[in-house]
Amino acid sequence: RPYSGVRPGQRCQAGASSAGAAAGGGGGASNKMGIAAAALARRAWSPATRLAVAARVAAGPSLAVAAVAPSSSSGACVGSRVAASWGGHGRGYASNVFQNQNSRLKAVAEASETSGGKEAAAVEVVAPPIKLLTSAESEDLLKIRHTTAHICAMATQKLFPNAQCTIGPWIDRGFYYDFFYPDGFSDKDLKLIKKQMIKIMNKGYPLRREEVTRAEAERRIKELNEPYKLEILESIKTEPITIYHIGDEWWDLCAGPHVETTKMIHPKAFDLESVAGAYWRGDETKPMLQRIYGTAWGSPEELTAYNTFKAEAARRDHRKLGKDLNLFSIQQEDVGGGLVFWHPKGALMRNMIENFWKDLHLARGYDLLYTPHVGKLDLWKTSGHADFYAENMYKPMAVEEEVYQLKPMNCPFHVAVYKDGYHSYRDLPIRYAEMGTVYRYERSGTMHGLFRVRGFTQDDAHIFCLPGQIADEIKGVLDLTEEILTTFGFTEFEVNLSTQPEKSVGGPEFWDKAEGALKEALGAKGWAYEVDEGGGAFYGPKIDIKILDAIGRKWQCSTIQLDFNLPARFELSYIDAENTKQRPIMIHRAIFGSLERFFGILTENYAGAFPLWIAPTQVRLLPVTDAVTPYVEETARRMRAAGVRVDITSHERLAKLVRNAEKAKIPVMCVVGEQEAKDGTLAVRTYADGDQGVISVDDVIARCDAANKGKLEKF
């Protein structure tokens, strides 16, 4: 994985060579030594020198070895370090390389020759990538971030005594603290707060845990005039109440954990990032608070790596790319928030995604459905959504003395289709699939581009099967999930199995069988997984699949959920071999999750430089003179006839034409001059790899056609 995105010739290549064999082909250091020796075999050094260099590499953190060569003038070696950029020269192609550019090790190996002379070789070894761990992945970082949040609050109240504290939790890669402070904090204020925080860190105050009675905690909070803390105290149901002190200077209601002293927070390993408004308790009817966001790490190097990560994430932001590439818009002022408009290019891509999805499902034995966008409220009462999901649903509407509801889920409608027929055990499994649009209420402050919207399309499917078919059906869903996600370039997954919670429906025999079937399917698939004990829904266990994107972020996409609840609520049945009614098992599953959200993830994964097969414009023809217009138009006609998506731009200087095509991230750019028109060729340049030379029109069409049929990323 660490080599992903590095071009051929830039990394060690393991192979059969005498040097590699001499170094040893086993595991561990000997294997590293053999790989390095093989990679250096083509250099103009003696075998002894190559093996000495390889041995030094094997002893260090060798993820990549630079291409090096002896200098002809001095005998010294000139190193050329591996370039591990974001996806190859910043183009946006998927690669999960996160190198610490400042952490390098120079190794010099000397080997004596039989002639008595010496030659030297310098090998530059790139250290392992810095891992930007989340708080859930590192207890140490969690403590650092939690303590830094407390230090932030202490510093803020020292500088702004009227600021009232509310809550200050750690988050994935940092922390935030909310204050009631109507005047608001400026960027200048954040700088002052940061300076004050550094002073507190340098003081080395101990963090001390204290247990007090509820009455004592209440007395202290009232003494400080902290009404929000009083409300938090009222919400704490356990005793004793725990308090954490920073020295004798400041304290907060807190369950921990924390570091031992403020000196353990490196003053150059944290930062205050921004300030934003946030309603108390997330309720827009309550006061607006000032939320200070920050990040904290174990070392300055980690902070530097995180800032690089943030800058790269900003470059890939799908909201900006969606506007720049004219893919979609959300017109909040004129139409409403959280409602997506797919522009022609984005709509074309969506259509290709949907067609690919539908064709694959039909080939895997699914039946496609289309269901309404509204239904009677009674349906949602029967399903339980009206009781358990009401806060995420829009208000019902009256229609001719009946009450209707915009659908927040597709499940009850698929159940309605199942109930409309008579089913024998021989008919099962039945697999229904739909690209179904649903509508869910999201607060205005929670919406975020395509990632969180109010109207979206789920790639929903529901499988009705016999208990003995669960494992095979789940295995089939896992296979289909892998095929779809890998086609779009996502090849690394994190899998979680969530088991029976404390409160659930269905007897233990059903849960044991269901969980066993999920484990059996995952075992047959050969996927490693983590078990989330008690994390299942009340109506059945589930599998969640997260994908890893080009810069190492995890995204929850696919879910496979067993359901004992809806079949019972809707009284679903089939006739078994004994001619008696039985209850089928229902499997919910979504692979993209939400088509809108997946499109946002896809956009950020490729930084808008989409794979050739799905790019809205695959080829752009760039005529340099009007004299070649007939040839260019005929070439475009031939390409379109072959299914290649092509456009033509002209009447600008060539440099500007190419620059505009690069900005639009067009995969293939073809410059056409009089010589190309005469020869029936095109001067081809690709966004991914630059100049490709002069290629015949037939060959360009054939390569694009191969990309379309093979779902290929590059030309």
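Throughout, residues of each chain are indexed from 1 in the direction in which the sequence is written. Totals for whole chains, interfaces and linings use all residues, but because this is a predicted model, local features are given only for residues with pLDDT of at least 70 and pairs of side-chain atoms are given and counted only at 80 or more. Calculated side-chain values reflect all of the structure's heavy atoms, with hydrogen atoms and water omitted.

A. Representation of the packing of aromatic side chains. In this scheme Phe, Tyr and Trp rings, the latter by its six-membered ring, pair at centre separations within 6.5 Å, and the angle between planes marks the pair as stacked below 30 degrees, edge-to-face above 60, and tilted otherwise. All chains considered together, the criterion is met by 27 aromatic pairs. With a centroid separation of 4.5 Å and an interplanar angle of 25 degrees, the aromatic rings of Y418 and F464 are classed as stacked. Of this pair, Y418 sits in helix α13 (residues 411-419) while F464 sits in strand β20 (residues 455-465), and the two are 46 residues apart along the sequence. Each of the two residues, Y418 as well as F464, counts as buried. In DSSP terms, a helix is any run of H or I states spanning at least four residues, a strand is any run of E spanning at least two, and both are numbered starting from the N terminus. Only protein chains enter the area calculation, which uses a 1.4 Å probe; residues under 20% of their type maximum are buried, those over 50% are exposed, and those in between are partly exposed.

B. Highlighting the packing of helix α18 (residues 629-641) against helix α21 (residues 697-710). Each axis is a line fitted through C-alpha atoms, taken for helices only over the stretch in contact, and angles between the N-to-C directions span 0 to 180 degrees. Their axes nearest at 10 Å, the elements α18 and α21 cross at an angle of 30 degrees. On the basis of their axis angle, the class for α18 and α21 is roughly parallel. Crossing hand, α18 versus α21: right-handed. Along its contact with α18, which presents Y631, T635, R638 and M639, the element α21 presents V697, D698, V700 and I701. Here the word oblique covers every angle except those under 35 degrees (roughly parallel), over 145 (roughly antiparallel) and from 65 to 115 (roughly perpendicular). Handedness of a helix crossing follows the sense of rotation of the near helix relative to the far helix, less than a right angle counterclockwise being left-handed and clockwise being right-handed. By definition in these notes, contact holds between two residues if any of their heavy atoms fall within 4.5 Å.

C. Looking closely at the layout of surface pockets. Two kinds of site are reported from a 1 Å grid over the protein atoms alone, namely cavities, where a 1.4 Å probe fits but cannot get out, and pockets, open sets with protein on both sides within 12 Å along at least five of seven lines, and residues are called lining when an atom falls within 4 Å of a point. Grid points are joined across faces, edges and corners, and a volume is the space filled by probe spheres set on the points. If you add up the space inside the largest pocket, you get close to 2,100 Å³. Only β11 (270-279), β12 (288-296), α8 (300-315), β21 (493-498), β23 (542-548) and β24 (554-563) provide two or more residues apiece to the lining of the largest pocket. Here the lining of the largest pocket gets five residues from one element, more than from any other, and that element is α8. Tallied by class, the residues present in the lining of the largest pocket amount to 20 nonpolar, nine polar and 16 charged. Here the second largest pocket is characterised by a volume of approximately 1,100 Å³. Residues were grouped as follows: Ala, Val, Leu, Ile, Met, Phe, Trp, Tyr, Cys and Pro as nonpolar; Asp, Glu, Lys and Arg as charged; and all remaining residues, including Gly, as polar.

D. Representation of the sheet that holds strand β30 (residues 668-672). One open sheet accounts for five strands, arranged β29-β28-β30-β31-β32; its pairing is mixed. Looking at strand neighbours, the two that pair on one side only are β29 (646-648) and β32 (690-696), the edges of this open sheet. Averaged over all pairs of adjacent strands, the angle between their axes in this sheet comes to 25 degrees, without regard to strand direction. As paired elements, β30 and strand β31 (residues 681-686) share four bridges and run antiparallel to each other. For V668, the partnering residue across the bridge sits in β31 and is T686. Here, strands pair whenever DSSP counts at least two bridges between them.

E. Up close: α8. In this scheme, a helix's expected span is set at 1.5 Å multiplied by one less than its residue total. Between the first and last C-alpha of α8 there are 23 Å, a value that for 16 residues agrees with the 22 Å anticipated at 1.5 Å per step. Where α8 is buried, its residues touch α4 (139-159), β11 and β12.

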